[in-house]
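# Fold and contact review
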Amino acid sequence: MVTSAGSSPLAVPRLVVAAPASGSGKTTVATGLMAAFAERGLSVSPHKVGPDYIDPGYHALATGRPGRNLDPYLCGPERVAPLFLHGAAGCELAVVEGVMGLFDGASGHGELGSTAQVAKLLRAPVVLVVDAASQARSVAALVHGFASWDTGVRIGGVVLNRVGSDRHKAVLREALDEAGVPVLGALRRDDALRVPSRHLGLVPAAERRAEAARWIRAAAAQVRASCDLAALWALARSAPPLDAAPWDPAAEVGPVPSRTGRPVVAVAAGPAFSFAYPEHTELLEAAGAEVALFDPLADEALPAGTSGIVVGGGFPEVHAPALSANTALRKAIAAFGGPIAAECAGLLYLVRDLDGAEMCGVLDATAVMTERLTLGYREAVALGDSVLAAEGTRLRGHEFHRTVVRPGPGAPAPAWGFTAPERGTEGFVSANVHASYLHVHWSAEPSLARRFVERCAAWACV
């Protein structure tokens, strides 16, 4: 549990769940651990390395707390421990699910953005999840290599996944005993733990809540039956205190001007727009906004008194017919006129049509699905002033989409210029609209939230 505040070191029992490669089963193990410990009455803080929005949705269902991301590339290494402590406040255990392989990070940037870097920044022991389906004694060489590659990373034990039989498990344990790495669990092959995927990730929990809840219960049952929870708890408690102060959204945005009332910022939510970092809402509220959620699939009007709209990411192409059918809300957004900040799926919702399905028409552009996946970290600079960013603002973001937006003759100016010249420009900026494919984490640039709320407050007074 967090023991103190301010400048004193803070102690949070914690584990980082990593793997040698993607597809090894770390989401199953991490989510199962979160749920299993939560079932025992512990308050568990869930975290995910990297920009991914989908795994945190499952983590939130498993723990009853917001799933939070820790991304040194998007937020800066110096913010990882403060953001972690902010999310883990009041909790008795934190579980951090890694990304890709343990040492994989932002391409061309060394360890930046990797699970290994986050584990070192958090001084947290690592549980390595190994897919043992096609291995026997060789598993020891694999684990030994990962344990010795970077002495700053402490691998506290291994959880074997997709173990075929008792004999298979015995061979694996014997080999790892020789390597001196404890085996903390051995999960059998179980088709019930398969989760449907979309693009490079799972289908969001918000789109399949009942099925997701059943999957989490199955993962927790497998972890309880197959892992040494007492040993994992002891390993988590071995993590030393962190000499950092928790991230504070109010301190980040600074003093807020006195206003008559709080401007209402309507934030899109629900199955079509489930991609959101909780820190964004916290920064909006710290900047003086009243945040009101709305579901574009179900709600036919914006929240009462709306002074600004934020539409984040998701999979609108999956829900395009239902979004299009909600004519009343689309017309309300088209006629709104106030500040709008939209990311990726939000951008698609604002164009005239998506694969022929009518959208809001705020932007003179159309969008179509393609076979090509655009994916990766980006460095960008704001090309002009907008409701979200001042001209010249530099930040890092992430792209993940299979669509292409084709601007019409009346489309506004681009939002971002990329520092990689071959990527050109991207997004749209008009008097009151900032819409872009680029996902950003506002904790790295809190001025985004402050500026947006100021524009919302000014528009509400017009």
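Scope of this entry: the structure provided in the associated data block. What you see is a predicted model; the values in this text were computed from it and never measured. (Residues numbered from 1 in each chain as written. Predicted model: local features only at pLDDT ≥ 70, side-chain atom pairs only at ≥ 80, totals over all residues. Heavy atoms only, no water.)

### Section: the overall build of the protein chain
Along its length, the protein chain carries 15 helices and 21 strands. Relative to the globule expectation of 23 Å for 462 residues, the C-alpha radius of gyration of the protein chain, 23 Å, shows essentially globular dimensions. Taking the principal axes of its C-alpha atoms as reference, the protein chain extends roughly 70 × 50 × 45 Å. Counting the 462 residues in the protein chain, one finds 56% classified as buried. (Helix = DSSP H or I, 4+ residues; strand = E, 2+ residues; numbered from the N terminus. Rg over C-alpha atoms; globule rule 2.2 N^0.38 Å. Buried < 20%, exposed > 50% of the residue type's maximum accessible area, 1.4 Å probe, protein only.)

### Describing the sheet that holds strand 3 (residues 68–70)
Strands pair in a sheet through their backbones, by hydrogen bonds, and they do so in one of two ways: parallel or antiparallel. Spatial ordering of the open sheet is given by 3-2-4-1-5-6-7, a layout of 7 strands whose pairing is parallel. Whereas interior strands pair on both sides, the edge strands pair on one side only; in this sheet they are strand 3 and strand 7 (183–188). Averaged over all neighbouring strand pairs, the angle between strand axes comes to 25 degrees, with direction disregarded. Here strand 2 (residues 44–49) runs beside strand 3; their pairing, made up of 3 bridges, is parallel. The residue bridging lysine 48 from the neighbouring strand is asparagine 69, located in strand 3. Taken strand by strand, helix 2 (residues 54–63) contacts strand 2, strand 3 and strand 4 (93–97), and its axis lies near 170 degrees from that of strand 2. (Pairing = 2+ DSSP bridges. Axes fitted to C-alpha atoms, helices over the stretch in contact; angles between N-to-C directions. Contact = heavy atoms within 4.5 Å.)

### Some details on helix 8 (residues 209–226)
With 18 residues, helix 8 should reach 26 Å at 1.5 Å per residue; the first-to-last C-alpha distance of 25 Å fits that figure. Among the residues making up helix 8, those that are buried are Ala212, Trp215, Ile216, Ala219, Ala220, Gln222, Val223 and Ser226. Angularly, the buried residues of helix 8 cover 160 degrees about the axis, an arc narrow enough to put them on a single face. Where helix 8 is buried, its residues touch helix 1 (26–39), helix 2, strand 7 and helix 9 (229–237). (Expected span 1.5 Å × (residues − 1). Arc of directions from axis to C-beta.)

### Side note on the nonpolar core
The nonpolar side chains of soluble globular proteins are, as a tendency, buried together. In this structure, Phe84, Leu122, Leu160 and Leu284 are the most contacted members of the largest nonpolar core, which totals 114 residues. Residue contributions to this core peak at 7 residues, all from helix 1. In terms of nonpolar packing, the next biggest core, distinct from the first, is built from 34 residues, Phe273, Ala320, Leu348 and Leu363 among them. (Core = buried A, V, L, I, M, F, W, Y, C linked by side-chain atoms within 4.5 Å.)

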